[in-house]
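# Examining the three-dimensional arrangement
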Amino acid sequence: MKKKHIFFNQGNKLIFVLFSFFIFVTLYFAIVSPNLVLGDTPAGDRTTWVSVLFLILIIVAAVSLFVDEKIRKLFVFVFIKRKLLTSSLLLTLVICGQVVFVWLIHPAIGFDPGAIHQALTDTSSNELRAYFSLSTNNVMLMLMQHQMAVFFSNTSWLLFDWISLFFVDLSVFINIAVIAILDRKKIANVVYIQTVWLALFPMIVVPYSDTWVLPWVSLYILSYCIIFYSKFNLLLRILSAILGGFALSMTYLLKPSAIVPFIAILLVEFLFLFNKNQSVRSRRVLSLLLISLLFFVSSVASYVTLQHANISETYMKVDWSRSMPPIHFISMGMSGKGGYNPKDNIAMAGLPTKKEKTDYSVKLLKQRLGRMGPFGYAKFLLYKQNNNASDGTFAWLIEGHFMSAKPNTKGFKGVLQSFVYPGGKHLGDFRYIAQFIWIIWLALIAFGWRNKAKFTQMLRLAIVGGFLYLLIFEGGRSRYLIQFLPAYILLASLVLNDTVNMVRQKFAWVNAK
C-alpha cells in the first residue's frame, strides 16, 4: 500500500513539474514575442493608435480598480455579483459579432483547406488525387464537406465558414456544460474566457480540421465528465458513453493528434487508482467499468464503420497505399523551424511504396539528429517550442499560401478587412491585442497551481501531451494548438479563482490602511 501511495505522489508531482516547466517556458516566449512590438514589427506590419489606446485603457482600468473604491465596487457588482448575466450578454454580443464577421469576411483560403475546397468541384485532377493519397488524414474532412455541399447544393466559402462558426461555438457550449458538471460556481469563468477568445479568433473563416475537430474534443471530455463526475442516472451516462465513443472516433479521423487529451484521461485515471484517499464503492466501480467498456465499444465500432466508408468511397480516387507514414512527420519536424518542409513532401510523392517512404524518412531522421547531436537537438526543441506555442494569433496568415485577398473595401467591411487581411492597416494591432490576451490566458493557467484536483491534473497532462506531440512531430507554428484549446479553456476556467486570489494576496498591501 505504501509503494502504491509513493507511485501516486511521484506521478502526480511529475505531471505538475512537467506542466510548470512547459507553461512557464511558453509564457516567457509569448512575452518576448515580436507580436508585442509597438511600431514597426519584424513581420513587416505596423501597430497604430489602436494598440496604444488598448494599452492605455488596460493600464487605466487596472490602476482605477486598485485606487478607486467606487470603480472597484461597480466592477464587482457588474462582473462578479451579476456575473452570469453579464457574461451571458457579452457572449451573445460576441456571437452576433462573429455572424457579422463571417457575413462580411469569407475569403478563399489556401494551403490544405484550399485543396479540400477544390475537391468539392474537381475530382479528376491528378494533383488532387495525389494530394489526398499522400494526406489521407484529410479524406474524412473532404468527404464531410462533400456531403454538406450536396445537402445544401452550395460549395461557396461562405457556407463552410458558417459551418466552421457553428462547430467552434458548439464547442463553446459543450465546454460550458463540462464546467457546469464540475463546479456550477465557475460557469461564469468559462463564459468570460471563451467570450474573449472568440472575439479574437478569426480562424472561424478557415474551414479546416483545426476548428472542425473542436466540438468532438469537447464532446468526449464532456462524456468523461458525465461518466465519472456527474450524478446523472444510469441511462444518461450510458447514452453519454455511446456518444463519447463516437466523438473520439470522429476526433481521430478528423485530426489524429487531437486524441491527446483522451490519452491524458487514461493516464490520470490509472494514476489515481493508487491514491489512498480516493475511495469508491464497489457498486460504483462496477458501473464505471461497464460504462467505460461501452465507451470503448462505441469508439471502436464507429471507427471501423467510418474508416471503412472512407476507404471504400468512390467520390475521389484515393490510393491509400501511398499515404505518408508517421515517421515522415517526425523527420520533417526536425527540419527548419520544425514545421512543414516542401522538399520532404516532394520526396514522399516520388516514392511509390510505404516501405520506401518509411526507409527514406528514417534515413533523414538519423541524418538530422546526427548533425545536431544531443545538445543541438535540445536547443532545437527549445527553439521549436517557441515556434509551436508563443503566437497568440494561432499563426494567423503565417501558413504558406494562407490568403491572397487584400483589404480594398471602404466602410465597416473595410475596417474588418484591415485587421485580418494581408497588408491590412491594423493587422499589427490585431497581432498585438491577440498576443496580450494570450499572455494573460497563459498566466492564468500557469499561476493556478493551488488547484491539484484530478480533473485539473488531467488537463495539465493534456496540455503537456500536446506540447510533446508538437515537439516530436510536425509543428513549427501555433495553428496546431487550436485542437487542444478545450483543455486550455477548461483549465483556465477551473483555476481562475485560485490565480486571482493569489494575485489579490500579493497586492493586499495596496489597500492596506
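Basis of the calculations
- Residues numbered from 1 in each chain as written.
- Predicted model: local features only at pLDDT ≥ 70, side-chain atom pairs only at ≥ 80, totals over all residues.
- Heavy atoms only, no water.
- Helix = DSSP H or I, 4+ residues; strand = E, 2+ residues; numbered from the N terminus.
- Rg over C-alpha atoms; globule rule 2.2 N^0.38 Å.
- Buried < 20%, exposed > 50% of the residue type's maximum accessible area, 1.4 Å probe, protein only.
- Contact = heavy atoms within 4.5 Å.
- Areas by Shrake-Rupley, 256 points an atom, 1.4 Å probe, with all protein chains shown as cover.
- Lys, Arg positive; Asp, Glu negative; His and termini not counted.
- Charge placed at Lys NZ, Arg CZ, Asp CG, Glu CD.
- Phe/Tyr/Trp six-rings, centres within 6.5 Å; stacked < 30°, edge-to-face > 60°.
- Lys NZ or Arg CZ within 6 Å of the ring centre and 35° of its normal.
- Polar contact = N/O pair within 3.5 Å; in protein donor to acceptor, adjacent residues only side chain to side chain.
- Axes fitted to C-alpha atoms, helices over the stretch in contact; angles between N-to-C directions.
- Parallel < 35°, antiparallel > 145°, perpendicular 65-115°, else oblique.
- Left-handed = near helix turned anticlockwise from the far one by under 90°.
- Nonpolar A, V, L, I, M, F, W, Y, C, P; charged D, E, K, R; others polar.
- Arc of directions from axis to C-beta.
- Core = buried A, V, L, I, M, F, W, Y, C linked by side-chain atoms within 4.5 Å.
- pLDDT = per-residue confidence, 0-100.
- Salt bridge = Lys/Arg side-chain N within 4 Å of Asp/Glu carboxyl O.

From N to C terminus, the chain includes 21 helices and zero strands. For 513 residues, the compact-globule estimate of 2.2 N^0.38 gives 24 Å, and the chain sits close to it at 24 Å. Over its C-alpha atoms, taken along the principal directions, the chain stretches across nearly 75 × 65 × 55 Å. Split into buried and exposed, the 513 residues of the chain put 55% on the buried side. The long-range fraction of contacts in the chain, counting pairs at least 24 apart against all pairs at least 6 apart in sequence, stands at 81%. Total accessible area computed for the chain in this model is approximately 24700 Å², and 69% of it derives from carbon and sulfur atoms. Charge-centre separation for the chain: the mean point of 49 positive side chains lies 13 Å from the mean point of 22 negative side chains.

As a further point, take the environment of leucine 485. Locating leucine 485 in the fold gives a position in helix α21 (residues 485-506). Remark: the alpha-carbon pair of leucine 485 and threonine 211, spanning 274 residues in sequence, is separated by 9.9 Å. Not counting chain neighbours up to four residues away, the residues in contact with leucine 485 comprise Trp197, Phe201, Phe394 and Trp441.

Let us now look at the packing of aromatic side chains. Summed over the entire model, instances satisfying the criterion amount to 41 aromatic pairs. Considering the side-chain rings of phenylalanine 7 and phenylalanine 274, the 4.8 Å spacing of their centres and the 70° angle between planes classify their relative orientation as edge-to-face. A residue pair is termed long-range when its members are at least 10 positions apart, and phenylalanine 7 in helix α1 (residues 2-31) and phenylalanine 274 in the loop between α13 (260-272) and α14 (282-311) qualify at 267 residues. By relative accessible area, which is 21% here, phenylalanine 274 ends up partly exposed. With centroids separated by 6.5 Å and ring planes inclined at 45°, the aromatic side chains of phenylalanine 380 and tyrosine 383 adopt a geometry described as tilted. Taken together, the residues span about one helical turn, with phenylalanine 380 and tyrosine 383 both in helix α17 (residues 354-389) at a distance of three residues. For phenylalanine 380, a relative accessible area of 10% gives the class buried. Sitting over the face of the ring of tyrosine 480, arginine 479 holds its NZ or CZ atom 4.7 Å from the ring centroid.

Glancing now at the side chain of serine 493. Its place among the elements puts serine 493 in helix α21. Only 2.7 Å separates the side chain of serine 493 from the backbone oxygen of isoleucine 489, close enough to count as a polar contact. When residues no more than four places from it in sequence are discounted, the contact partners of serine 493 are Ile179, Lys186, Asn189, Val190 and Ile193.

This part is about the packing of α1 against helix α20 (residues 454-472). Across the interface, α1 lies against α20 with an axial gap of 9 Å and an inter-helix angle of 55°. As the angle between them shows, α1 and α20 are arranged oblique. Where α1 crosses over α20, the two elements pack in a sense that is left-handed. Two secondary-structure elements touch here, α1 through Asn12, Ile15, Phe16, Leu18, Phe19, Phe22 and Thr26 and α20 through Gln457, Arg460, Leu461, Ile463, Val464, Phe467, Leu468 and Leu471. Across the contact of α1 with α20, the residue classes break down as eleven nonpolar, three polar and one charged.

Turning our eyes to something else, we now look at helix α16 (residues 342-350). Among all positions in α16, only Asp344, Asn345, Ala347 and Met348 are buried. All buried residues of α16 fall inside an arc of 160° around its axis, so they share one side. Exposed and oriented more than 90 degrees from the buried face of α16 are Lys343, Ile346 and Gly350. Next to the buried residues of α16 lie α6 (126-134), α15 (326-332) and α17. Near the N-terminus of α16, the side chain that reaches the backbone nitrogen of lysine 343, with its oxygen 3.0 Å away, is that of asparagine 341.

Moving on, we get to the nonpolar core. Counting residues in hydrophobic clusters, the biggest one holds 133 residues, and the most contacted among them are Phe132, Trp197, Trp396, Trp441 and Tyr488. Here the element with the most residues in this core is helix α8 (residues 157-182); it accounts for 14 residues. Those residues in contact with tryptophan 441, other than ones at most four positions away along the chain, are Ile193, Trp197, Phe394, Leu485, Tyr488, Ile489 and Ala492. Phe54, Tyr432, Ile433 and Phe436 belong to the second largest nonpolar core, which has five residues in total.

Right, let's talk about the confidence of the model for the chain for a bit. Caution applies to low-pLDDT parts of the model: their predicted coordinates are not meant to be read in detail. For the chain, the mean per-residue pLDDT works out to 92, and 97% of the residues sit at or above 70. Per-element averaging of pLDDT across the chain places α16 at the bottom with 86 and α8 at the top with 98.

It is worth spelling out the pattern of salt bridges at this point. For the coordinates displayed, the defined rule picks out eleven salt bridges. The salt bridge partner of glutamate 69 is lysine 73, with a shortest N-O separation of 3.4 Å. With glutamate 69 and lysine 73 both in helix α3 (residues 69-81), this residue pair falls four residues apart, about one helical turn. Assessed through its relative accessible area of 46%, glutamate 69 is described here as partly exposed. When salt bridges that share partners are traced, they join Asp210, Lys255, Glu399, Glu474, Arg477 and Arg479 into one network.

The residue threonine 47 is located in the loop between α1 and α2 (49-67) in this model. For threonine 47, a relative accessible area of 8% translates into the label buried. A distance of 2.6 Å separates the side chain of threonine 47 from the backbone nitrogen of glycine 39, its partner in a polar contact. Other than its neighbours up to four places away in sequence, threonine 47 contacts Val37, Leu38, Gly39, Gly428, Asp429 and Tyr432.

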